[in-house]
Amino acid sequence: MRVREGGSTRTEQPSSSAARARLDQPRTSRPGLLTLPTYDPESFAKLSEKIARFLGTGRFIVWMSFVILLWVAWNVFLPPAVRFDEYPFIFLTLALSLQASYAAPLILLAQNRQDNRDRVNMEQDRARSDRNIADTEYLTREVAALRQGLGEVATRDFVRSELQSLLKELDERRDASDLV
């Protein structure tokens, strides 16, 4: 509740402890009502990934096919007294629908978790790529600076040609001094 005093505004909290401080945030618990058990989202996500990985294997398809064939054979070839699901196989359809209704959300959870891992990996790859680009640009500048520096450094051929020209000059002076 806001109260204006003079030129300033101050906020007062309600005296009731049951009232929320903000209406856009839910209460964490309600006293007197049944509280639901809590679970670890990370453990549940890992379990859903394991199940989704198993559902995506050939082993699952083979086992599922074996169970369905056994079910159909049991309910077609055995005596009517021991059959539990007659020809339209309504109970089999219900079991497969139940399995699919649980498999789809578990697969989606596993995909979301994989998307999060992929996003983190892409961010790390992008950062690594940026560092590599910066390192490459730095090395390019260093190589350019070395080339410029080498342009000012005397090479072996240059020194050899200078020494040969000095030797020629010394020989010419010696010859000139011998003539005099």
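Quick notes on the rules
Residues numbered from 1 in each chain as written. Predicted model: local features only at pLDDT ≥ 70, side-chain atom pairs only at ≥ 80, totals over all residues. Heavy atoms only, no water. Salt bridge = Lys/Arg side-chain N within 4 Å of Asp/Glu carboxyl O. Helix = DSSP H or I, 4+ residues; strand = E, 2+ residues; numbered from the N terminus. Phe/Tyr/Trp six-rings, centres within 6.5 Å; stacked < 30°, edge-to-face > 60°. pLDDT = per-residue confidence, 0-100. Expected span 1.5 Å × (residues − 1). Buried < 20%, exposed > 50% of the residue type's maximum accessible area, 1.4 Å probe, protein only. Polar contact = N/O pair within 3.5 Å; in protein donor to acceptor, adjacent residues only side chain to side chain. Axes fitted to C-alpha atoms, helices over the stretch in contact; angles between N-to-C directions. Parallel < 35°, antiparallel > 145°, perpendicular 65-115°, else oblique. Left-handed = near helix turned anticlockwise from the far one by under 90°. Contact = heavy atoms within 4.5 Å. Nonpolar A, V, L, I, M, F, W, Y, C, P; charged D, E, K, R; others polar.

**Q** Explain the pattern of salt bridges residue by residue, including any values.
**A** Under the criterion given, the structure shown has 7 salt bridges. In this structure, arginine 83 engages glutamate 86 in a salt bridge whose closest nitrogen and oxygen atoms are separated by 3.7 Å. Linking arginine 174 and aspartate 171 is a salt bridge whose minimum nitrogen-to-oxygen distance equals 3.7 Å. Residue arginine 174 and its partner aspartate 171 are located together in helix α4 (residues 156-179), separated by 3 residues, close to a single helical turn. Salt bridges linked by common partners bring Glu42, Glu49, Arg113 and Arg117 together as one network.

**Q** Lay out unusual backbone geometry in plain terms, naming residues and giving numbers.
**A** Unlike most non-glycine residues, phenylalanine 89 shows phi in positive territory, near 50°. Mapped onto the secondary structure, phenylalanine 89 falls in the loop between α2 (58-77) and α3 (90-152).

**Q** If you had to explain the packing of aromatic side chains to someone new, which residues and values would you point to?
**A** In the structure shown here, the tally under the stated rule is 6 aromatic pairs. Among the aromatic residues, those joined into a cluster by ring pairs are Trp71, Phe84 and Phe91.

**Q** Describe the confidence of the model for the protein, naming the residues involved and giving the relevant values.
**A** Low pLDDT marks regions whose predicted coordinates should not be analysed in detail. Averaged over every residue, the pLDDT of the protein is 85; residues scoring 70 or more account for 86%. Across the protein, the element-wise mean pLDDT spans from 52 in strand β1 (residues 2-5) up to 95 in α2.

**Q** Let's hear about α3: which residues, and what values?
**A** The terminal C-alpha atoms of α3, which comprises 63 residues, lie 91 Å apart, in line with the 93 Å expected from a rise of 1.5 Å per residue. All of the buried residues along α3 are Leu92, Ala103, Leu106, Ala110 and Arg113.

**Q** Quick rundown of the environment of threonine 140? Include the residues and the values.
**A** Within the element layout of this structure, threonine 140 appears in helix α3. Within the structure, threonine 140 has its side chain in polar contact with the backbone oxygen of threonine 136 (distance 2.7 Å).

**Q** Before we move on, could you go through the packing of α2 against α3 and cite the residues and values that matter?
**A** Closest axis-to-axis distance for the α2/α3 pair is 11 Å, and the angle between their directions is 160°. With respect to their mutual orientation, α2 and α3 come out roughly antiparallel. Considering how the two elements wind past one another, α2 and α3 form a crossing that is right-handed. On α3, the residues that touch Phe60, Met64, Ile68, Trp71 and Val72 of α2 are Phe91, Leu92, Leu96 and Gln99. By residue class, the composition of the contact of α2 with α3 is 8 nonpolar, 1 polar and no charged.

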